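In case you want the letters, here they are:
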Amino acid sequence: MTLVLDSAAQDLLFRDARTANTFTDEPVTDEQVQAIYDLVKYAPTAFNQQPLRVVLVRTTEGRERLVQHMAEGNRPKTSAAPLVAILAADNEFHEELPTQLPHFPQAKDVFFSERPVREQSATLNGALQVGYFIIGIRAAGLAAGPMTGFDADGINKEFFGDGEHSVLAVVNIGKPGEDAWFPRSPRLAYDEVVTTV
């Protein structure tokens, strides 16, 4: 084999993993979420900026506040999922750089003194962390239902009234339920994606 990861783990994380649309009612515990985060916090980010912030929506009131901003087709599954996570980018991530990039603490002012630069960097690096977060959910034996069909401005105002965060994705989390999967869509072949120069 050319991969070090064993075949069962490859299946769990990639080949058999799917975006779930239904879930059982088995709860997702705080301990499971902590274990997921403790694994995925090692995702690479530029300047070790780690802009991802996670809001776990557990209460009925919080769920109602969120569902009103979801696209119509995403509302039923978001209402029914055992746990929903709002994944956002912290556009003020640079405030953490003196401790998170101790060998170059001045990066905060040298590279990230302007808000538009921070927002662009937070979005890109936060999206990298979102991908890792989804893989972490799969590693916990759970299914993820990531969605971007929502009113971003509405969610930002509802959950991040400080104006310092930008929602990237909403992810339903749990054990897959009945008829959880749509048929798998095709994937591009290696030769359609990879070129050599």
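All of these numbers come straight from a predicted model, not from anything done at the bench.

**Student:** Can you explain the pattern of salt bridges? Please cite residues and give values.
**Tutor:** According to the stated counting rule, one finds 11 salt bridges in the structure shown. For Glu-95, the salt bridge identified is with Lys-108, shortest N-O distance 2.9 Å. Residue Glu-95 is found in the loop between β2 (83–90) and α5 (97–100), and its partner Lys-108 is found in helix α6 (residues 107–111); the two are separated by 13 residues along the sequence. When salt bridges with common partners are traced through the structure, they connect Glu-92, Arg-115, Arg-118 and Glu-119 into a single cluster.

**Student:** Pulling in residues and values, what's your account of unusual backbone geometry?
**Tutor:** Non-glycine residue Phe-47 carries a positive phi angle of around 60°. As for its position among the elements, Phe-47 is in the loop between α2 (30–40) and β1 (52–57). Overall, Phe-47 belongs to the partly exposed group, its relative accessible area being 28%.

**Student:** Could you give me a rundown of the layout of surface pockets, with the residues and numbers involved?
**Tutor:** The space that makes up the largest pocket amounts to roughly 210 Å³. Every residue lining the largest pocket is listed: Ala-17, Arg-18, Thr-19, Asn-21, Arg-138, Phe-182, Pro-183, Arg-184, Ser-185 and Arg-187. A class-by-class count of the residues in the lining of the largest pocket yields three nonpolar, three polar and four charged.

What counts and how
- Residues numbered from 1 in each chain as written.
- Predicted model: local features only at pLDDT ≥ 70, side-chain atom pairs only at ≥ 80, totals over all residues.
- Heavy atoms only, no water.
- Salt bridge = Lys/Arg side-chain N within 4 Å of Asp/Glu carboxyl O.
- Helix = DSSP H or I, 4+ residues; strand = E, 2+ residues; numbered from the N terminus.
- Buried < 20%, exposed > 50% of the residue type's maximum accessible area, 1.4 Å probe, protein only.
- 1 Å grid on protein atoms, 1.4 Å probe; cavity = no way out; pocket = protein on both sides within 12 Å on 5 of 7 lines; lining within 4 Å.
- Points joined across faces, edges and corners; volume = space filled by probe spheres on them.
- Nonpolar A, V, L, I, M, F, W, Y, C, P; charged D, E, K, R; others polar.

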